[in-house]
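# Architecture at a glance
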Amino acid sequence: MADTPRVDAQPALVLHQQPYRETSRLLDVFSRDHGRVAIVARGAQRPGSQARAVLLGFQPLLLSWFGAGELKTLHAAEWQGGIAQLAGQPLLCGFYLNELLQRLLPRDAPNPPLFAAYFEAIQALSLLPREPGAEVEPILRRFELALLSSLGYAPDWRITAEGQAVQPRQRYGFEPGSGLTPSGTRAGCPGEALLALAAGSLEPQWLMQVKPLMRQMIASLIGANPLHTRQLLIDLQRL
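Quick summary incoming for the structure in this document. Everything numeric in this text was worked out from a predicted model, so none of it was measured. (Residues numbered from 1 in each chain as written. Predicted model: local features only at pLDDT ≥ 70, side-chain atom pairs only at ≥ 80, totals over all residues. Heavy atoms only, no water.)

By size, the foremost hydrophobic cluster in this structure holds 29 residues, and its most contacted members are L97, L101, Y118, L125 and F143. Listed by contribution, the elements that provide at least two residues to this core are β1 (6–20), α2 (88–104), α3 (112–126), α4 (137–150) and α7 (211–222). Once residues within four sequence positions are removed from consideration, L125 is found in contact with L86, P90, C93, G94, L97, V136 and I139. (Core = buried A, V, L, I, M, F, W, Y, C linked by side-chain atoms within 4.5 Å. Buried < 20%, exposed > 50% of the residue type's maximum accessible area, 1.4 Å probe, protein only. Helix = DSSP H or I, 4+ residues; strand = E, 2+ residues; numbered from the N terminus. Contact = heavy atoms within 4.5 Å.)

Okay, the packing of α2 against α3 next. Helix packing for two helices is described by the angle between their axes and how far apart those axes are. Relative to each other, α2 and α3 sit at 165 degrees, their axes nearing to 9 Å. Considered as vectors, α2 and α3 are oriented roughly antiparallel to each other. Of the two possible hands of crossing, α2 and α3 adopt the one that is left-handed. Only L114, Y118, A121, I122 and L125 of α3 make contact with α2, whose side of the interface consists of P90, C93, G94, L97, N98 and L101. (Axes fitted to C-alpha atoms, helices over the stretch in contact; angles between N-to-C directions. Parallel < 35°, antiparallel > 145°, perpendicular 65-115°, else oblique. Left-handed = near helix turned anticlockwise from the far one by under 90°.)

Attention now goes to the pairing of strand β5 (residues 71–79). Side chains on a regular strand alternate between the two faces of the sheet. Here strand β3 (residues 35–41) runs beside β5; their pairing, made up of three bridges, is parallel. By the bridge assignment, A38 is partnered in β5 with L71. Pairing between strand β4 (residues 61–66) and β5: six bridges, direction antiparallel. Paired with L62 across the two strands is E78, which belongs to β5. Counted between consecutive antiparallel strands, the loop separating β4 from β5 contains four residues, among which G67 sits at a positive phi close to 135 degrees. (Pairing = 2+ DSSP bridges.)

What follows deals with the sheet that holds strand β6 (residues 171–175). Spatial strand order, β7-β6-β8: three strands in an open sheet with antiparallel pairing. Both edges of this open sheet fall to β7 (179–182) and β8 (189–190), since each of them pairs with a single strand only. In terms of strand pairing, β6 meets β8 through two bridges, oriented antiparallel. The partner of R171 across the bridge, within β8, is P190. Across the face of the sheet, α7 comes into contact with β6, β7 and β8 while running at roughly 5 degrees to β6.

To continue, consider the sheet that holds β5. Whether parallel or antiparallel, the strands of a sheet pair through hydrogen bonds between backbone atoms. Pairing is mixed in the closed barrel, where five strands are placed in the order β1-β2-β3-β5-β4. This sheet shows a mean twist of 55 degrees between the axes of neighbouring strands, independent of strand direction. On the sheet, α2 packs against β1, β2 (24–31) and β3 and is oriented at approximately 100 degrees with respect to β1. Where α3 meets the sheet, its contacts fall on β1 and β2, and the angle it forms with β1 comes to roughly 60 degrees.

Below, the structure is given as structure tokens:
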């Protein structure tokens, strides 16, 4: 055991979990300093297991684990508290963030800034009303921007794919593999919104206008298999 790599008291959140063998659970964890990690919580399926009561989604945890292979073994889990349990529309939005991370974030790739952005998004969602119509859009857009930037997929919001400067009164679309392109329709994103993002402004008015571009960028990364939670959110908005 002394020669086995071990991590102690690592800030983390559980993205997904499922039964593993007879009495254990398999966790997909997003940790601050180690990125996404696959961890087995042995005995967590047993009634009365302390780990079973602690390993909750959207809750800040301190996790300790060991193991040299891709699949680690949980040693200890401590609930940190401070965030209300998500429910209603904020809960669906939380699942959307988790699915994005599972689909786009590689394993064992440390990304502290993205962890901070995810934690802030979960905190913000926990403070919203649970009913449809809550102001979830700015929270989602901020996280999407942080995700694309941290993975190196965000374009330079000031420059088109052809190297031309973005103009405030022009509208723009996104071409996968190229970048921003002038749009001949009003469905494009206003250049003034792109320039606001380039200047660091994340005001709700700009985030709402850039939403179509964000959808195109994420879709180009996700590929042919759409996000399940994205469709659930669309259905909820229709209702």
